[in-house]
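Architecture and fold: a report
Letter by letter, the chains look like this.
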Amino acid sequence: MTAVSPSTGQDTRLAFEQAALPHMAALHRTARRLARQPEDAADLLQETFLRAFRTFGNFRPGSNARAWLFTILHSVFVNRYHRAQLEPEAVDPGDLDARFAAVVSPPHDAVVEAMRNAMPPEIDAALRTLPEAFREVVLLVDVEELTYEEAALAVGCPVGTLRSRLFRGRKALVVALADYARRQGFATGREGTP
């Protein structure tokens, strides 16, 4: 085994910091929403950066560090908290469709913009009601703005599965946020009344 010289170790540390640290805030937001408890989110973030540093030799310079880090975050989250619950909770599509049809959805862009800014407690609470698999893809695609392909890679599922989870997660959010959207002036009732 060849010993690593201090300068090589220092170069690796600096390269890791340059690639990974700019994404810490986004990873922390997602960890906080996945883990739900601040202490668990801090542990999740710490474990993510520890694994990323340990495997930094596998990272290809010039590739998407953000997607790579979200992949590690997802892996740590699943391994640590939800291995037994990896499958999404059963959601009756007919029931969800009926509840979705009962409300007029706020414009998708308005919901996404509200989630990107300081997350109102109502939106955060609505996200927490989503099944784990739906919440995770909504956070990665709509909040953290990963592409479908990057998010699918991060959660380890085909793009089609990700799109399905995202569609159902967004519909469930519309239902959960209907009253909040009306209070904020984003949605109107069926008859055109606010």
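Relevant structure appears above.
So, a few notes on the structure that sits alongside this text. (Residues numbered from 1 in each chain as written. Predicted model: local features only at pLDDT ≥ 70, side-chain atom pairs only at ≥ 80, totals over all residues. Heavy atoms only, no water.)

1. Things to note about the overall build of the protein
Counting secondary structure elements, the protein contains eleven helices and zero strands. Across the 194 residues of the protein, 40% fall into the buried class. If you take every contact in the protein between residues at least 6 apart in sequence, the share linking residues at least 24 apart comes to 74%. Total accessible area on the protein stands at roughly 10,700 Å², and carbon and sulfur atoms take up 54% of it. (Helix = DSSP H or I, 4+ residues; strand = E, 2+ residues; numbered from the N terminus. Buried < 20%, exposed > 50% of the residue type's maximum accessible area, 1.4 Å probe, protein only. Contact = heavy atoms within 4.5 Å. Areas by Shrake-Rupley, 256 points an atom, 1.4 Å probe, with all protein chains shown as cover.)

2. Comments concerning the packing of helix α9 (residues 148-155) against helix α10 (residues 159-176)
α10 packs onto α9 with a crossing angle of 100° between their chain directions and a minimal axis gap of 9 Å. As summarised for this structure, α9 and α10 are arranged roughly perpendicular, according to the angle between their axes. Every residue of α10 that contacts α9 at Y148, E149, A151, A152 and V155 is listed here: V159, L162, R163, L166 and R170. Taken together, the residues that form the contact of α9 with α10 break down as seven nonpolar, no polar and three charged. (Axes fitted to C-alpha atoms, helices over the stretch in contact; angles between N-to-C directions. Parallel < 35°, antiparallel > 145°, perpendicular 65-115°, else oblique. Nonpolar A, V, L, I, M, F, W, Y, C, P; charged D, E, K, R; others polar.)

3. Details of the nonpolar core
F70, L127 and L162 are the most contacted members of the largest nonpolar core, which totals 49 residues. Among the secondary structure elements, those contributing two or more residues to this core are α1 (6-20), α2 (24-35), α3 (38-54), α4 (65-81), α7 (121-129), α8 (132-143), α9 and α10. (Core = buried A, V, L, I, M, F, W, Y, C linked by side-chain atoms within 4.5 Å.)

4. Let's talk about the environment of L34
Along the chain, L34 turns up in helix α2. The class for L34 is buried, based on a relative accessible area of 2%. In this structure, the C-alpha to C-alpha distance between L34 and H74, residues 40 residues apart in sequence, is 9.3 Å. If sequence neighbours within four positions are ignored, L34 has contacts with L73, F77, E132, R135, E136 and L139.

5. Here we look at unusual backbone geometry
With a phi angle near 60°, E145 is a residue other than glycine that sits in the positive phi range. Considering the arrangement of structural elements, one finds E145 in the loop between α8 and α9. E145 sits in the exposed class, given a relative accessible area of 52%.

6. Some remarks on the packing of aromatic side chains
Scanning all chains against the criterion turns up six aromatic pairs. Centre to centre, the rings of F16 and F56 are 5.4 Å apart; their planes meet at 85°, and the pair counts as edge-to-face. Of this pair, F16 sits in helix α1 while F56 sits in the loop between α3 and α4, placing them 40 residues apart in sequence. Comparing F16 with F56, the two get one shared label, buried. Members of the aromatic cluster, connected to one another through ring pairs, are F16, F49, F53, F56, F59 and W68. (Phe/Tyr/Trp six-rings, centres within 6.5 Å; stacked < 30°, edge-to-face > 60°.)

7. What about the environment of A151?
Residue position: A151 is located in helix α9. Assessed through its relative accessible area of 0%, A151 is described here as buried. The sequence separation of A151 and F70 amounts to 81 residues, and the corresponding C-alpha distance is 8.0 Å. In this view, A151 contacts L140, V141, L146 and L162; residues no more than four positions away in its chain are not counted.

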